[in-house]
Each structure stands twice: as C-alpha cells, then as structure tokens.
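Secondary and tertiary structure notes
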Amino acid sequence: MISYYPEIDGNFLYVRTAVFRFRLKKYALSGVDEIKIYFGHYKAVCIRLKLKGRKRFRRHALYSMGYRSIRPFVEELRSKGVRVECGPYRLDGKMIYL
C-alpha cells in the first residue's frame, strides 16, 4: 500500500505528495542520481530528485513525512547506492546531522 510519503519497495521509489494525492510517481533507484532532502516553509519536508542524464532536479513537497522517519529513509536510500544530501534538523531538542 502506497502512503502519502516516499516509500521504497524493492528497487523503486514511490512518491505521492500530501498536496496532490492523486498523483503517484514511480522512480527506479538505478535511474536516480542524487536526492536532496530539505525543510521548506512551515517545516514541510521536501525532496528534490535528480535523475541520471538530466540537468534539473524534480521537486516534491512531502508534508506528511515525519522527522522520525527521515533517518531510516536516508539510510535505506544510501544502502541502495543513491547519493543523498540532507541538512541538519532539530528533533527532541537535539540537532540531527545525516
């Protein structure tokens, strides 16, 4: 079942944002060159994907992804061989650096 935050299933990344719930994007992890995770307005978690062979990033706003689920998501992406950039963020009074 695909939820409203990014999910890794096998070698695919599924992205369905909280804003446009009817849109589902499926990316093969072998085709993803780099992912940047940052925090937008109102502490919304955002993802920018750069696909191999493309010059520009694609942006997805993920309002329903919680701060506690960022670290396991990043670790799983890195274990699959995807380069991930994530800025520091505050969780329970501590700064988390990934």
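Residues numbered from 1 in each chain as written. Predicted model: local features only at pLDDT ≥ 70, side-chain atom pairs only at ≥ 80, totals over all residues. Heavy atoms only, no water.

**Observations regarding the overall build of the protein**
Quick reminder of the rule: Going along the chain from the N terminus, every DSSP run of H or I of four or more residues is numbered as a helix, and every run of E of two or more is numbered as a strand. Only protein chains enter the calculation, and the probe is 1.4 Å; a residue is then buried if its accessible area is under 20% of its type maximum, exposed if over 50%, and partly exposed in between. Any two residues having at least one pair of non-hydrogen atoms within 4.5 Å are treated as being in contact. What sets the accessible areas is the Shrake-Rupley method with a 1.4 Å probe; for residues, cover comes only from the shown protein chains.
Within the protein, the secondary structure is distributed over 1 helix and 9 strands. The secondary structure elements of the protein, listed N-terminal to C-terminal, are β-β-β-β-β-β-α-β-β-β. Residue burial in the protein is summarised as follows: out of 98 residues, 36% are buried. Considering only intrachain contacts with a sequence separation of at least 6, the fraction spanning at least 24 residues in the protein is 35%. Surface exposure of the protein reaches about 6500 Å², of which carbon and sulfur atoms provide 50%.

**Things to note about the pattern of salt bridges**
Oppositely charged side chains are able to pair whenever their charged atoms sit close together. Rule in force here: Just to be clear on terms, a salt bridge is a Lys or Arg side-chain nitrogen sitting within 4 Å of an Asp or Glu carboxyl oxygen.
Under the counting rule described, the total for this entry stands at 3 salt bridges. Among the salt bridges present, the one from Arg68 reaches Asp92, with a minimum N-O distance of 2.8 Å. Residue Arg68 is found in the loop between strand S6 (57–62) and helix H1 (70–79), and its partner Asp92 is found in the loop between strand S8 (89–91) and strand S9 (94–96); the two are separated by 24 residues along the sequence. The exposure class of Asp92 is exposed, given its relative accessible area of 58%. In the salt-bridge network here, residues are joined through shared partners; they are Asp33, Glu34 and Arg83.

**What about the pairing of strand S4 (residues 32–39)?**
Filter applied, for reference: Any two strands with at least two DSSP-identified bridges between them are counted as paired.
Here 7 bridges tie S4 to strand S5 (residues 45–51), and the two strands are oriented antiparallel to one another. For Ile35, the partnering residue across the bridge sits in S5 and is Leu49. Pairing geometry for S4 and strand S7 (residues 83–86), over 4 bridges, is parallel. Residue pairing across strands places Glu34 opposite Arg83, the latter belonging to S7.

**Description of the side chain of Glu34**
Operational definition: Here a polar contact means two N or O atoms within 3.5 Å. Within protein one must be a hydrogen donor candidate and the other an acceptor candidate, and residues neighboring in sequence count only if both atoms are side-chain atoms.
Along the chain, the position of Glu34 falls in strand S4. Residue classification places Glu34 among the buried residues on the basis of a relative accessible area of 9%. Polar contacts involving the side chain of Glu34 include one to the side chain of Arg83, which spans 3.4 Å. Each residue touching Glu34, except ones within four places of it in the same chain, is listed here: Arg48, Leu49, Lys50, Phe57, Arg83 and Glu85.

**Description of the sheet that holds strand S2 (residues 12–15)**
The criterion, for reference: Throughout, an axis means a line fitted to C-alpha atoms (over the contacting stretch in the case of helices), and angles, computed between N-to-C directions, take values from 0 to 180 degrees.
One open sheet accounts for 3 strands, arranged S1-S2-S3; its pairing is antiparallel. For this open sheet the edge positions go to strand S1 (7–9) and strand S3 (25–28), each flanked by a neighbour on one side alone. Across the sheet, the mean angle separating the axes of adjacent strands is 25 degrees when strand polarity is ignored. In the sheet, S1 pairs with S2 via 3 bridges, with the strands oriented antiparallel. Looking at the pairing, Glu7 lines up with Tyr14 of S2.

**Some words on the confidence of the model for the protein**
So the rule is basically this: Known as pLDDT, the predictor's confidence for each residue is given on a scale from 0 to 100.
Residues of the protein with pLDDT of at least 70 account for 88%, and the chain-wide mean is 82. Here S6 stands out as the element of the protein with the lowest mean pLDDT, 78, in contrast to S7, whose mean of 92 is the highest.

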